[in-house]
Amino acid sequence: GEAAQGNYTVSYVTGTLTITKSGDLSVSGTPYEGIYDAEVHGTAATASVTEGTTVSYSVDGGTTWSTDVPTIKDVGEITVQVKAENSNYETATASYTLKVTPKAVTVTADNKTKTYGDADPELTATVSGTLGSDTVSYSVSRASGEEAGSYTITPSGEAAQGNYTVSYVTGTLT
């Protein structure tokens, strides 16, 4: 405005308008928990404000951050920290968990027969529950004895094998 205004001399002093960051930014991730299925799980987190917002993830407690979405396939558990950063908002953070539990597998000894005096047939077992080309390790043995009768065939091995929890079912040699 003008300095001379009628009976007054007006001077002007500038002021400051300060725009502070809004606290209205939020972020959330979708947890996952399921039995091993040979698939990859994990979806991108969502922020309440998308324009100008960068979403980052950390799976090591916040030491390193990346915009790559964390995923899980094999048995295990991952805690994901997620943050949404925008120059007009306070940084928003959240965490969620991705967890895959072992799939049940059964190894069942195949029943066998032989005639007294003959050599034992090959002892085998049937595996059910593995996915794709996955395998589990086991061995098969039988109770000792050569007289006519029934003998237990026992498959055995580790219960925990990678993405699987293995149970064993006996068979019979007659």
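That block above? That's the structure.
Residues numbered from 1 in each chain as written. Predicted model: local features only at pLDDT ≥ 70, side-chain atom pairs only at ≥ 80, totals over all residues. Heavy atoms only, no water.

S.K.: Break down the overall build of the protein for me, citing the residues and quoting the values.
M.R.: Summing up its helical and strand segments, the protein has 0 helices and 15 strands in all. In summary, the protein has a C-alpha radius of gyration of 33 Å against a globular reference of 16 Å for 174 residues, an excess of more than 25%. Each of the three principal axes of the protein carries a C-alpha extent, and together these read 130 × 20 × 20 Å. The burial tally for the protein puts 24% of its 174 residues in the buried class. In the protein, of all internal contacts separated by at least 6 residues, the share reaching a separation of at least 24 is 54%. Surface summary for the protein: the accessible area is close to 11100 Å², and the carbon and sulfur share equals 48%. Taken as two groups, the 8 positive and 20 negative side-chain charges of the protein have centres that lie 7 Å from each other. (Helix = DSSP H or I, 4+ residues; strand = E, 2+ residues; numbered from the N terminus. Rg over C-alpha atoms; globule rule 2.2 N^0.38 Å. Buried < 20%, exposed > 50% of the residue type's maximum accessible area, 1.4 Å probe, protein only. Contact = heavy atoms within 4.5 Å. Areas by Shrake-Rupley, 256 points an atom, 1.4 Å probe, with all protein chains shown as cover. Lys, Arg positive; Asp, Glu negative; His and termini not counted. Charge placed at Lys NZ, Arg CZ, Asp CG, Glu CD.)

S.K.: Before we move on, could you go through the environment of isoleucine 72 and cite the residues and values that matter?
M.R.: Among the secondary structure elements, isoleucine 72 is positioned in the loop between strand E6 (54-58) and strand E7 (76-86). With 33 residues separating them in the primary sequence, isoleucine 72 and glutamate 39 have C-alpha atoms 8.4 Å apart. Once residues within four sequence positions are removed from consideration, isoleucine 72 is found in contact with Glu39, Val40, His41, Glu77, Ile78, Leu98, Lys99 and Val100.

S.K.: Would you mind going over the nonpolar core in detail, with residue names and values included?
M.R.: Of all hydrophobic cores here, the largest spans 22 residues; its most connected members are Val55, Tyr57, Val82 and Ala84. Leaving out residues up to four positions away in the same chain, alanine 84 has contacts with Leu25, Val27, Ala47, Thr53, Thr54, Val55, Thr91 and Ala92. (Core = buried A, V, L, I, M, F, W, Y, C linked by side-chain atoms within 4.5 Å.)

S.K.: Lay out the sheet that holds strand E14 (residues 164-169) with the relevant residues and their values.
M.R.: Taken in spatial order, the 4 strands of this open sheet run E10-E9-E14-E13, and their pairing is mixed. Of all strands in the sheet, those with a lone pairing partner are strand E10 (125-128) and strand E13 (160-161), marking the two edges. Across 4 bridges, the pairing between strand E9 (residues 103-109) and E10 is antiparallel. Within E10, the residue paired with alanine 109 across the bridge is alanine 125. (Pairing = 2+ DSSP bridges.)

S.K.: Describe unusual backbone geometry, and please don't skip the residues or the numbers.
M.R.: The residue alanine 38 is not glycine, and still its phi comes out positive at about 65°. By the element assignment, alanine 38 lies in the loop between strand E4 (32-35) and strand E5 (46-47). On the accessibility criterion, alanine 38 (30% relative accessible area) is partly exposed.

S.K.: Go over the side chain of lysine 83 with me, naming the residues and quoting the values.
M.R.: One can find lysine 83 in strand E7. Among the residues examined, lysine 83 registers a relative accessible area of 17% and is labelled buried.

S.K.: Can you tell me about the environment of serine 128, naming the residues and giving the values?
M.R.: Here serine 128 lies in strand E10. For serine 128 and tyrosine 164, which are 36 residues apart along the polypeptide, the C-alpha to C-alpha distance reads 11 Å. Not counting the four nearest positions on each side in its chain, serine 128 is found in contact with Ala104, Val105 and Thr106.

S.K.: So, the pairing of E14: which residues are in play, and what are the values?
M.R.: Pairing between E9 and E14: 6 bridges, direction parallel. In the strand pairing of E14, threonine 106 is matched with serine 167.

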